[in-house]
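What follows is the residue order along each chain.
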Amino acid sequence: RGALRSGMSLTAEVNVHARESTERNHTATHLLHAALRDVLGNHVKQAGSLVSTGRLRFDFFHFSSLTTKEIQSIENLVNDEILKNTKIKTEIRSTEEAISSGAMALFGEKYGDQARVVSVPPFSLELCGGTHVKATGDIGLFAIRSEGSASSGVRRIEATTGLGTAASFRQQRSQLLHLSKTLKTTPEEVLEKVTVLQEDYQCLTR
């Protein structure tokens with residue numbers, strides 16, 4: 001509100017909760033990028049991303065949908081790096097030197113002679129000017145929510161970290177408990193119960 005005047009003193013405040021959530025999701029995208037290349041191959045490159053307080057979205061160049069096994073392997077790799085609690089390293093380096101040493105650069109992005117390099121040694125190395133956690137353990141649990149097509153030749157992964165993952169798990173647990181009570185069984189036996197019901201239904205409709 002109001003108007004800016006020459007010589008006016010201003011104070012800026014950062015929403016700590018929002019910043020920390022964004023940091024967790026942003027550093028997780030770097031780990032996700034490295035995990036994708038490890039599981040799928042070095043042809044994988046970032047095609048776009050969204051980092052918000054509640055979730056992250058990562059688009060990447062790849063020729064086919066991911067299998068359940070591949071998704072699980074990628075998720076496990078990211079969480080393994082999180083559990084190592086590796087300190088995040090940031091430094092200003094020559095752009096040419098950083099890229100020559102293996103740092104990932106955004107497709108189509110223009111960089112100056114010097115660039116900020118963010119690394120999770122020895123797992124991830126990228127040119128990046130964004131905000132990040134101090135150590136990978138700050139991310140908390142990483143969970144992939146979905147994987148699908150973003151456009152021709154581009155796949156999209158949406159995921160959560162930290163409090164977002166905890167909230168998602170609480171919701172899924174609540175739904176599972178409700179379903180198990182409805183089916184009059186235990187959460188561990190819900191799948192078996194549903195399978196039996198499906199078979200009974202198929203017999204009745206033949």
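Data block above holds the structure.
The structure contained in this document is the topic of the report that follows. (Residues numbered from 1 in each chain as written. Predicted model: local features only at pLDDT ≥ 70, side-chain atom pairs only at ≥ 80, totals over all residues. Heavy atoms only, no water.)

1. Topic: the overall build of the chain
Defined as follows: By definition, any uninterrupted DSSP run of H or I lasting at least four residues is a helix, any uninterrupted run of E lasting at least two residues is a strand, and each is numbered from the N terminus. The atom set for the radius of gyration is the C-alpha atoms, and the globule formula is 2.2 Å times the number of residues raised to the power 0.38. Exposure categories follow from relative accessible area, calculated using a 1.4 Å probe and restricted to protein chains: below 20% of the type maximum is buried, above 50% is exposed, and the middle band is partly exposed. In short, Shrake-Rupley with a 1.4 Å probe defines the accessible areas, and a residue's cover is counted only from the protein chains shown. Charge convention: Lys and Arg are scored as positive, Asp and Glu as negative, and His as well as the terminal groups of each chain are ignored. Where a charge lies is defined by one atom per residue type, namely NZ (Lys), CZ (Arg), CG (Asp) and CD (Glu).
A count of helices and strands for the chain gives five helices and seven strands. Element order for the chain, N to C, with α for helix and β for strand: α-β-β-α-β-α-β-β-β-β-α-α. Scaling as 2.2 N^0.38, a compact globule of 206 residues should have a C-alpha radius of gyration of about 17 Å, whereas the chain reaches 22 Å, well beyond that. Taking the principal axes of the C-alpha coordinates as reference, the chain spans close to 75 × 45 × 35 Å. Taken across its 206 residues, the chain has 34% of its residues classed as buried. Total accessible area computed for the chain in this model is approximately 13,100 Å², and 51% of it derives from carbon and sulfur atoms. Each charge class in the chain was averaged separately, 25 positive and 23 negative side chains, and the resulting centres sit 6 Å apart.

2. Re the side chain of S124
Short version of the rule: Whether two residues are in contact is decided by their heavy atoms, any of which lying within 4.5 Å being enough.
Mapped onto the elements, S124 comes out in strand β5 (residues 124-127). When residues no more than four places from it in sequence are discounted, the contact partners of S124 are H30, A34, V118 and S119.

3. Focus on the sheet that holds strand β6 (residues 143-151)
Pairing between the strands of a sheet comes from backbone hydrogen bonds, and it takes one of two forms, parallel or antiparallel. Here is the rule: Here the rule is simple: two strands pair whenever DSSP picks up at least two bridges between them. Every axis in this analysis is a line fitted to C-alpha atoms, fitted for helices over the stretch in contact. Angles between the N-to-C directions lie between 0 and 180 degrees.
With antiparallel pairing, the four strands of this open sheet are ordered in space as β1-β2-β7-β6. Two strands lie at the open edges of the sheet, namely β1 (46-51) and β6, each paired on one side alone. Within the sheet, the average angular offset between the axes of one strand and its neighbour, ignoring direction, is 15°. Pairing of strand β2 (residues 56-61) with strand β7 (residues 154-160) involves six bridges; the strand directions are antiparallel. What sits directly across from F61, in β7, is V154.

4. Focus: the environment of A115
One can find A115 in strand β4 (residues 114-120). In this structure the C-alpha to C-alpha distance between A115 and R5, which are 110 residues apart in sequence, comes to 34 Å. Residues in contact with A115, not counting those within four places in the same chain, are E91, I92, R93, T95 and L127.

5. Some remarks on the environment of V196
On the secondary structure map, V196 appears in helix α5 (residues 190-204). Sequence separation of V196 and A47 is 149 residues, and the distance between their C-alpha atoms is 44 Å.

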